[in-house]
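Remarks on the overall topology
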Amino acid sequence: MQPDSDALRGRVAVVAGATRGAGRGIALALGEAGCTVICTGRSSSAHPIPSDYNRPETIEETASMVTSLGGIGIARAVDHLHPDQVSALADRIREEHGHIDILVNDIWGGELLKGPPPAWNRPIWEVDLGDGLRILRLAIDTHLITSHHLLPLMIDKPGGLLVEVTDGTTDYNATHYRLSVFYDLAKVAVNRLAFSQGHELAVHGATAIALTPGWLRSEMMLDAFGVSEANWRDALDAERAASGCPVAPPDFAHSESPRFIGRAVVAVATDPQGARWNQLSASSGQLAREYGFTDTDGSQPDVWRRMQEAAGDGIT
């Protein structure tokens, strides 16, 4: 199913954490649908703010890509851990746009803090406390601060959508330990934020949903396997190991581009019955089955369903 280039024409979205990964993918998919997308983050070529990552992607690049896809991309440098910066963002949006139709809380920044696989599954007393507490600040405080200042711009008329981006659905996280106490708590808490904020938004005719990608081919993930989006399947070639190149596990074949979760957001935002998702959590693959959209290559990957089937878990 090809995106409708006018599906969100005239609507205004804020993607908090739009520099790379799922945030960039969501911003681009909104752009595909004609949306005006305010892309926020710390990595900026115009007004750089120190980031937890030393990477080349910027919010200006994301905004430019949004515009090239048919939307209107606007870059705003913001550190969402600082309430005064988010408050100033809200004031500027109020002055320039008057209203927000879609708010995406995708701020994260904890990839390096959670460490590589050898650092996972360590007990709380062996995890660096400073790193663990910062994971919680990056994953939870940023979302709370952003919602506090920006949701008033969404509830002035019905139809608004809040998307809380996390890792793992409510059902999956309820029965599976996620890497460490700190990471586990962070991802469970973000799912709960969609539930609690959805309770408060419902009376204003707005919807909150928690959304998780599957195995995301983020820029950092592609770099880890030494591939690009254009040749990502090369990471599955076992012969690479002979030359010292990292080889991805078999489930990487069911990974998804960041645009896939973005198209999930667009599907809910354009659904006249989108309120049925209020307070719920879903995966990009689940919503693809529901709405029929595809990834950029025409596929409908669903690694969560695959993992649950392999483990004999119930499928939701």
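The present account deals with the structure reproduced in this document. Because the structure is predicted, anything quoted here is derived from the model rather than measured. (Residues numbered from 1 in each chain as written. Predicted model: local features only at pLDDT ≥ 70, side-chain atom pairs only at ≥ 80, totals over all residues. Heavy atoms only, no water.)

1. Topic: the side chain of Glu256
- If you trace the backbone, Glu256 turns up in the loop between α8 (219-224) and α9 (258-269).
- No salt bridge is formed by the buried Glu256. Its closest oppositely charged neighbour is Arg217, at 7.6 Å.
- Side-chain polar atoms of Glu256 contact the side chain of Ser284, separated by 2.7 Å.
- Apart from residues no more than four positions distant in its own chain, Glu256 is found in contact with Pro213, Gly214, Trp215, Leu216, Arg217, Ile261, Ser284, Asp295 and Pro301. (Helix = DSSP H or I, 4+ residues; strand = E, 2+ residues; numbered from the N terminus. Buried < 20%, exposed > 50% of the residue type's maximum accessible area, 1.4 Å probe, protein only. Lys, Arg positive; Asp, Glu negative; His and termini not counted. Salt bridge = Lys/Arg side-chain N within 4 Å of Asp/Glu carboxyl O. Polar contact = N/O pair within 3.5 Å; in protein donor to acceptor, adjacent residues only side chain to side chain. Contact = heavy atoms within 4.5 Å.)

2. Digging into the sheet that holds strand β3 (residues 72-77)
- The seven strands lie next to each other as β3-β2-β1-β4-β5-β6-β7, forming an open sheet whose pairing is parallel. Of all strands in the sheet, those with a lone pairing partner are β3 and β7 (280-283), marking the two edges. Averaged over all neighbouring strand pairs, the angle between strand axes comes to 20°, with direction disregarded.
- Bridging between strand β5 (residues 161-165) and strand β6 (residues 207-212) involves five bridges; their strand directions are parallel. Directly across from Val163, in β6, lies its bridge partner Ile209.
- Sheet strands in contact with helix α10 (residues 284-291) are β6 and β7, and its direction is about 85° off that of β7. (Pairing = 2+ DSSP bridges. Axes fitted to C-alpha atoms, helices over the stretch in contact; angles between N-to-C directions.)

3. With respect to the pattern of salt bridges
- In this structure the tally under the stated criterion is 20 salt bridges.
- Residue Glu219 is joined to Arg24 by a salt bridge in which the shortest nitrogen-to-oxygen separation is 4.0 Å. With Glu219 in helix α8 and Arg24 in helix α1 (residues 21-32), this pair connects stretches of sequence that are 195 residues apart. Considered together, Glu219 and Arg24 belong to a single accessibility category, that of buried residues.
- In this structure, the salt-bridge partner of Glu57 is Arg55, at a minimum N-O distance of 2.7 Å.
- One connected set of salt bridges, linked through shared partners, spans Arg20, Arg55, Glu57 and Asp223.

4. Structural notes on the pairing of β3
- As paired strands, strand β2 (residues 36-41) and β3 are joined by six bridges and run parallel to one another. The partner of Val37 across the bridge, within β3, is Gly73.
- A crossover connection joins β2 to the parallel β3 through helix α2 (residues 59-68); in handedness this β-α-β unit is right-handed. (Right-handed = clockwise from strand over helix to strand, strands pointing away.)

5. Some remarks on helix α7 (residues 181-201)
- Taking 1.5 Å per residue, 21 residues should reach 30 Å; α7 reaches 30 Å between its end C-alpha atoms and fits that length.
- Along α7, the positions that sit buried rather than exposed are Phe182, Tyr183, Asp184, Ala186, Lys187, Val190, Asn191, Leu193, Ala194, Gln197, Gly198 and Leu201.
- Of the surrounding elements, those touching the buried residues of α7 are α4 (111-114), α5 (129-150), β5, α6 (170-175), β6 and β7. (Expected span 1.5 Å × (residues − 1).)

6. A word on the packing of aromatic side chains
- Throughout the structure, instances matching the rule amount to seven aromatic pairs.
- Ring geometry for Trp108 versus Tyr183: centroids 5.8 Å apart, planes at 75°, classification edge-to-face. One end of the pair, Trp108, is in the loop between β4 (102-105) and α4; the other, Tyr183, is in helix α7, and 75 residues separate them in sequence. You'll find Trp108 and Tyr183 in the same group, each marked buried.
- Ring geometry for Tyr172 and Trp304: centres 4.8 Å apart, planes at 65°, overall edge-to-face. One end of the pair, Tyr172, is in helix α6; the other, Trp304, is in helix α11 (residues 303-311), and 132 residues separate them in sequence. (Phe/Tyr/Trp six-rings, centres within 6.5 Å; stacked < 30°, edge-to-face > 60°.)

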